[in-house]
Amino acid sequence: MNIRVRLILMSILVLVISCAKNPFTGKSTMALVSNSEIFPSSFQQYGQFLSENKVIKGTKDAERVENVGMKIKVAAEKWLNANGHQGYLKDYKWEYNLVDSKEVNAWCMPGGKIVFYTGILPICKDDAGMATVMGHEVAHALANHGQQRMSAGVYQQLGAAGLAVATGGQSKETQELAMAAYGVGSQYGAMMPFSRAHESEADMIGLTLMAVAGYNPETAVAFWERMSANAGGNKPPEFMSTHPSDATRIANIKKLVPEAKAEAAKFGVTFK
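Computed from a prediction, not measured in an experiment: that's the story for all the values here.

### Structural notes on the sheet that holds strand S4 (residues 95-99)
Working step 1: Within the open sheet, the 4 strands sit side by side as S3-S4-S6-S5. Their pairing is mixed. One side of each edge strand has no neighbouring strand; the edge strands of this open sheet are strand S3 (55-56) and strand S5 (106-109).
Working step 2: As paired elements, S3 and S4 share 2 bridges and run antiparallel to each other. Looking at S4, one finds that Ile56 is bridged to Leu98.

### Description of the packing of helix H5 (residues 127-142) against helix H8 (residues 219-231)
Working step 1: Where H5 meets H8, the closest approach of the two axes is 9 Å, and the angle between their N-to-C directions is 85°. Here H5 is positioned roughly perpendicular relative to H8, judged by the angle of their axes. Side by side, H5 and H8 meet where Ala128, Gly129, Thr132, Val133 and His136 of the first sit next to Thr219, Ala220, Phe223, Trp224 and Arg226 of the second.
Working step 2: Class assignment for the residues of the contact of H5 with H8 results in 5 nonpolar, 4 polar and 1 charged.

### A short note on the packing of H8 against helix H9 (residues 246-265)
Working step 1: Contact geometry of H8 with H9 gives a least axis separation of 10 Å together with a crossing angle of 175°. Here H8 lies roughly antiparallel to H9, going by the angle between them. From H8, Ala220, Val221, Trp224, Glu225 and Ser228 reach across to H9, where they touch Asp246, Arg249, Ile250, Ile253 and Lys254.
Working step 2: Here the contact of H8 with H9 is built from residues that sort into 5 nonpolar, 1 polar and 4 charged.

### Overview of H8
Working step 1: Compared with the 18 Å implied by 1.5 Å per residue over 13 residues, the 19 Å span of H8 between its first and last C-alpha is a close match.
Working step 2: Immediately beyond the C-terminal end of H8, within one or two residues, lies Gly232, with a positive phi of roughly 65°.

### Overview of the pattern of salt bridges
Working step 1: Taken as a whole, this structure holds 9 salt bridges when the rule is applied.
Working step 2: With its nearest N and O atoms 4.0 Å apart, the salt bridge here joins Asp100 to Lys54. Remark: Lys54 occurs in the loop between helix H2 (35-52) and S3 and Asp100 occurs in the loop between S4 and S5; sequence separation between them is 46 residues.
Working step 3: Residue class for Asp100 comes out partly exposed when judged on its relative accessible area of 42%.
Working step 4: Between Asp203 and Arg249 there is a salt bridge, with its nearest N and O atoms 2.8 Å apart.

About the criteria used
Residues numbered from 1 in each chain as written. Predicted model: local features only at pLDDT ≥ 70, side-chain atom pairs only at ≥ 80, totals over all residues. Heavy atoms only, no water. Pairing = 2+ DSSP bridges. Helix = DSSP H or I, 4+ residues; strand = E, 2+ residues; numbered from the N terminus. Axes fitted to C-alpha atoms, helices over the stretch in contact; angles between N-to-C directions. Parallel < 35°, antiparallel > 145°, perpendicular 65-115°, else oblique. Contact = heavy atoms within 4.5 Å. Nonpolar A, V, L, I, M, F, W, Y, C, P; charged D, E, K, R; others polar. Expected span 1.5 Å × (residues − 1). Salt bridge = Lys/Arg side-chain N within 4 Å of Asp/Glu carboxyl O. Buried < 20%, exposed > 50% of the residue type's maximum accessible area, 1.4 Å probe, protein only.

No statement about biological role is implied by the geometric values presented.
The structure is reproduced here in structure tokens:
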């Protein structure tokens, strides 16, 4: 058996044995690195980040971040438990912090470690806007998007290794051209679409979480419109971005609002 065939078989074997199921979509996802490995590193990096940045405590805004975060956490627990995923969050160590920064951003690390930057608060405008962001960022963690990106990176490297073997008998120029084409093709044809799909998935899950938490998912549309206005059109074309275009995202969210409301209604939450 030559080395090319071995690489193909190895790739297939790894793909088959390294899948997990997304509880929100039911889809199988890549899971080459387990959460038991990811979470400790995530917690350590979070602690280091907090030690190196100005964390705001005791203010009204800091309390809002924690209160909204707690509601999203409870909503996630309710939804997961009601859908047969008891214990899914057992290794999570939730934490919510507001950090002084002009950057318009927020994030949730694997395991429930959340940061909001003060720069995004004016765009959030109110608790519903904050819940839109919180739901979206928590959704990334709950759907194990970080785990999937790491796994995709491993496959990308494996593909590069396979290409190197396949072109090993060619000239140096041919090898370099092949690797350059693979790098561009895998980035724009696979990795970026993969990331955009994660963003859309996080929008879907996030809407459900904010709705179950009692925040009208219709308000998410206004938030993303404010985000788009803040960007001022200074974004790359969608195919060159890790995120959907603002127009695509807003259109998708509008379509998802009725589904989010229907999920919330199962928990006795309704909106006028």
